[in-house]
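# Coordinate inspection notes
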Amino acid sequence: RATAVKILGMVGVVGLCRCAQVCRTWKTITEERQLWNKVDLLPISDVVVDEALMDLIKKYRPLLGHLNLRQCSEVTQKGLKCIGHCQNLQDLNLSECSGLTDEVMEGIGKGCAGLLYLNLSYCYVTNSTIRILTKHFANLHYLSLSYCQQFNSNGLHSLTAGKGCRKLVYLDLSGCDQLIAGDYMLIGRGCLILNHLLLNDLPDLTDEMLLALVEHCHTLRHISFLGQRSSISNTSLKPLLMANRKLKTFKLENNSRVSDVTLKCLAKCCRDLHQLYLAGCSKVTDQGLKSLGSLRRLNVLNLADCNRVSDMGVRHLVEGTHGQLRELNLTNCIKISDITILRISQNAKRLTYVSFCYCEHISDTGVELLGCIPTLVSLDLTGCFVTDNGIACLSNNTRFRHLALAENINITDDGLRKMSLHLKTLQSLDLSNCENITDEGIQTVVYNCRLLDTFLAANCPQLSDQTARYLSQGCLYLNHLDMSGCSLTCVMLGTFPLLVIYVLTIICKVSTRKRTTHVTPYSL
């Protein structure tokens, strides 16, 4: 029975309802308490209505601990009111629920006193809603108000006066561009033990706003400024880092005002930093990377589009971190060459993921060194112009799971044959825009890599229905396939089992376009 319960725990709500109709024994098993502790309605969000939600809550409300109603736009105020009857509810996701009102939140606040996690992103949250949160949700730890733009300082004043939200450790204010400096000061004063703060997609965020927050916020462990280009600079980031010395994750994206000054302060103050994202920070140079070498616990680093970074900076970084780096993204760092790969192979002994997308100075010599890093499982060489000799050396590492070789026009069937020979556990392969590969090369890949679940080969004109036939017969786990722009006919639809017909439907639609969507490189 325990085994049956464990299996049924993986089928979701729809699967449970279907299993309950098989026989009395199965129906009894599907009513086990632990199966209804977590209910995720996102996969069927477009068909969930008030009556269905009310019946579910009426039957299982003592058991419900986690409820996900994200994108359930058909559920109205009538259905959402019933959530207040779930007294044991701890985790509630109402993201994109258009039926949410202040009356609904009042009922949930009174009935679900033990609620710890609440997601209200993209909902109609007003000042009255904020007051209700601070009045009734005394135990709340996680709160997402991302892209809720109807509240302001009139509601945030209650953060400093009410008894609720005092235990908040996670707050997401991404996309809330209506907030001003005074609002951030109120947030800092009301959330004194905040650990996670997300301020993504805030192009109007200024140094004045951030300084107002920093004045009272000294317990941050994770902070994020991803998305649209913001106006913050070294002026506000330096006090932020000095006030939060136990920071573990720092994410900043598309910023042209932050320079090496911030990196030096980061290296000096935040010695426990684990993850650092600086994608698109164009003023970062080798001097900044040299200072980061003192961060002995740094294991994830994203330097995508930092075009001033060169081999010298990466050398100081990998030598200083003493082999702790696990993930490194150097996408579009045009000054990077094989010398960087040499330093990585000598010092980064725990590296599992690395990206050299569009690093035009990477050659077969560097790729050969990458094949000798035994811990590497994911590699992106999109647009690096490597040849068959280079990718053949990748077979030296049998642990590869994900390979992206898109836009390498010099790769042929011979290189694929040699590369795939020992990659028995490969799960994802991207060969988009590799114009010289043919059906014979894919046949070899399929024969050797039976565990493939993702295969991307957009704009490979020499691939035909034969490739689709090889994939359908040899890769039984395939669930993501892109062959748009290939020489396919409708005959290939019959070569795949019913389980992946939805993938083939997408392919047929894409292949009729004059242009195909560019496959963006995987990045951190």
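Structure's up top.
All figures in this text were calculated on a predicted structure; none of them were measured in a lab.

## Details of the overall build of the chain
Regarding its fold elements, the chain presents 21 helices and 18 strands. Computed over C-alpha atoms, the radius of gyration of the chain comes to 26 Å, within 12% of the 24 Å expected from 2.2 N^0.38 for 524 residues, which places it in the range of a compact globule. Taken along the three principal axes of its C-alpha coordinates, the chain extends 70 × 65 × 45 Å. Every one of the 524 residues in the chain was classed for burial, and the buried ones make up 52%. Counted over contacts in the chain with a minimum sequence separation of 6, partners at least 24 positions apart contribute 77%. Only carbon and sulfur atoms are counted for the fraction: they give 51% of the accessible area of the chain, which is about 23100 Å². One finds the centroid of the 53 positive side-chain charges in the chain at a distance of 9 Å from the centroid of its 45 negative side-chain charges.

## Some details on the pairing of strand β8 (residues 222-225)
As paired strands, strand β7 (residues 196-198) and β8 are joined by three bridges and run parallel to one another. Opposite L198, over in β8, you have S224 as the bridge partner. Viewed along the sheet, the connection from β7 through helix α10 (residues 207-214) into β8 turns out right-handed. Where β8 lies against strand β9 (residues 249-252), four bridges are found, and the strand directions are parallel. Bridging from a neighbouring strand, I223 pairs with F250 of β9. Note that the unit made of β8, helix α11 (residues 234-243) and β9 has a crossover that is right-handed.

## A closer look at the packing of aromatic side chains
The description of two aromatic rings rests on the distance between their centres and on the angle between their planes. All chains considered together, the criterion is met by five aromatic pairs. Arranged with centres 6.0 Å apart and planes meeting at 50°, the rings of Y117 and Y142 form a pair that is tilted. Placement of the pair is Y117 in strand β4 (residues 117-119) and Y142 in strand β5 (residues 142-144), with a sequence separation of 25 residues. Relative accessible area serves as the criterion here: at 37%, Y117 is assigned to the partly exposed category. Between the aromatic rings of Y122 and Y147, the centroid separation amounts to 4.7 Å while the plane-to-plane angle is 10°, which identifies the pairing as stacked. Residue Y122 is located in the loop between β4 and α7 (127-136), and its partner Y147 is located in the loop between β5 and α8 (153-156); the two are separated by 25 residues in the primary sequence.

## Comments concerning the pattern of salt bridges
This structure, assessed with the given rule, holds seven salt bridges. A salt bridge links D272 to R297; the shortest N-O distance between them is 3.2 Å. You can see D272 sitting in the loop between α12 (260-269) and β10 (275-277) and its partner R297 sitting in the loop between α13 (286-292) and β11 (300-302), a full 25 residues away along the chain. Judged by its relative accessible area of 48%, R297 is partly exposed. R417 is the salt-bridge partner of D414, the closest N and O atoms lying 2.8 Å from each other. In this pair, D414 and R417 both sit in helix α18 (residues 413-420), three residues apart, roughly one turn of the helix. Taking the relative accessible area as the measure of exposure, R417 reaches 40% and is therefore partly exposed. Through salt bridges with shared partners, a single network forms among D414, R417 and K418.

## A short note on a nonpolar patch on the surface
Residues L451, L476 and Y477 make up a contiguous nonpolar surface patch of roughly 360 Å² in combined accessible area. Within the fold, L451 resides in the loop between α19 (439-448) and β17 (454-456).

## Topic: unusual backbone geometry
Unlike most non-glycine residues, Q71 shows phi in positive territory, near 65°. Within the element layout of this structure, Q71 appears in the loop between β2 (66-68) and α5 (77-81). A positive phi angle, near 55°, is found at N254, a position not held by glycine. Considering the arrangement of structural elements, one finds N254 in the loop between β9 and α12.

## Here's the deal with the environment of C23
Positionally, C23 belongs in the loop between α2 (12-19) and α3 (24-30). In this structure the C-alpha to C-alpha distance between C23 and D40, which are 17 residues apart in sequence, comes to 24 Å.

## Brief notes about the layout of surface pockets
Counted as a void, the second largest pocket has a volume near 300 Å³. In terms of lining residues, the second largest pocket is bounded by 20 residues, among which V13, C17, W36, A52 and L56 are the most central. Among the elements of the structure, α2, α3 and α4 (50-60) are those that each provide at least two residues to the lining of the second largest pocket. Here the element with the most residues in the lining of the second largest pocket is α4; it accounts for six residues.

Reading the values: rules and limits
- Residues numbered from 1 in each chain as written.
- Predicted model: local features only at pLDDT ≥ 70, side-chain atom pairs only at ≥ 80, totals over all residues.
- Heavy atoms only, no water.
- Helix = DSSP H or I, 4+ residues; strand = E, 2+ residues; numbered from the N terminus.
- Rg over C-alpha atoms; globule rule 2.2 N^0.38 Å.
- Buried < 20%, exposed > 50% of the residue type's maximum accessible area, 1.4 Å probe, protein only.
- Contact = heavy atoms within 4.5 Å.
- Areas by Shrake-Rupley, 256 points an atom, 1.4 Å probe, with all protein chains shown as cover.
- Lys, Arg positive; Asp, Glu negative; His and termini not counted.
- Charge placed at Lys NZ, Arg CZ, Asp CG, Glu CD.
- Pairing = 2+ DSSP bridges.
- Right-handed = clockwise from strand over helix to strand, strands pointing away.
- Phe/Tyr/Trp six-rings, centres within 6.5 Å; stacked < 30°, edge-to-face > 60°.
- Salt bridge = Lys/Arg side-chain N within 4 Å of Asp/Glu carboxyl O.
- Patch = residues over 30% accessible without salt bridge, like charges linked within 9 Å, V, L, I, M, F, W, Y side chains within 5 Å.
- 1 Å grid on protein atoms, 1.4 Å probe; cavity = no way out; pocket = protein on both sides within 12 Å on 5 of 7 lines; lining within 4 Å.
- Points joined across faces, edges and corners; volume = space filled by probe spheres on them.

That is the geometry; function is a separate question.
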